Amino acid sequence: DIFHVLTPIEQTKFPTGSIDFDEMELTYRNHSLLFPSNGGKLVSAPPGSTDAAALTDGWRVGAERTWTTGPNPQEAQELQFEFETPVTIERVQLQQHPEWPSREVEVYSSPDGLQWTQIVGDVIPEKHDAGPMFAYLLVRDIVAPPARKLKVRINSGYKAERWGLGE
């Protein structure tokens, strides 16, 4: 019965009244280690590429939250990040760029920038039927030593003109 009228006894079980918000602020806790306020810092990116620091936000969409290589990349493209203090990497999510999709990717962690451990090596799907927000690679349950540095290597793309990553 979807059109149920509340009896007087039922009406007393529910609070009544109103709430007035003059101002309201909703805060999202960004858990991305690459986010600057969480200690991440971009230290290198390929010459001619767009600003890879835009990738650190981790949750908003739009062109200003993506990264692309320079024109016609001929070799692997690397982005390197460092952390203020050693971090434990538990999962990695690489979001696809909707216009310039990357294909084969690798992610490495390092305690010192000298010895690197591969923690991801896979293919990002080019697209997803549900839209660009669902075209991503997610690797969970990563077990690696605490890291001070992180390297993302894009080895290929679905298009020759450019490769990219999403937010």
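Scroll up a little and you will see the structure.
All values derive from a computational prediction rather than experimental measurement.

J.: Where do I start with the environment of R91 in this structure?
T.: Note that R91 resides in the loop between β3 (77-87) and β4 (92-95). Sequence separation of R91 and V120 is 29 residues, and the distance between their C-alpha atoms is 9.4 Å. Setting aside its immediate chain neighbours within four residues, R91 contacts V139, R140 and I142.

J.: Help me understand unusual backbone geometry, please; the structure alone is not making it clear to me.
T.: One can expect most non-glycine residues to show negative phi and most peptide bonds to be in trans. If you check the backbone angles, N72 has positive phi at about 45 degrees while not being a glycine. By the element assignment, N72 lies in the loop between β2 (67-68) and β3. Since its relative accessible area comes to 44%, N72 is described here as partly exposed. Phi is positive for D141, close to 55 degrees, though the residue is something other than glycine. Within the secondary structure, D141 sits in the loop between β7 (136-139) and β8 (147-154).

J.: Looking at this structure, how should I read the sheet that holds β3?
T.: Across a sheet, strands are paired by hydrogen bonds formed along the backbone, either parallel or antiparallel in direction. Pairing is antiparallel in the open sheet, where five strands are placed in the order β1-β3-β8-β5-β6. If you trace the sheet from one side to the other, it starts and ends with β1 (40-44) and β6 (117-123), each paired once. In this sheet, neighbouring strand axes are inclined to one another by 20 degrees on average, regardless of whether the strands run parallel or antiparallel. The sheet contact formed by strand β5 (residues 104-110) and β8 spans six bridges and is antiparallel. Note on β8: the bridge partner recorded for Y108 is K151.

Cut-offs applied
- Residues numbered from 1 in each chain as written.
- Predicted model: local features only at pLDDT ≥ 70, side-chain atom pairs only at ≥ 80, totals over all residues.
- Heavy atoms only, no water.
- Helix = DSSP H or I, 4+ residues; strand = E, 2+ residues; numbered from the N terminus.
- Contact = heavy atoms within 4.5 Å.
- Buried < 20%, exposed > 50% of the residue type's maximum accessible area, 1.4 Å probe, protein only.
- Pairing = 2+ DSSP bridges.
- Axes fitted to C-alpha atoms, helices over the stretch in contact; angles between N-to-C directions.

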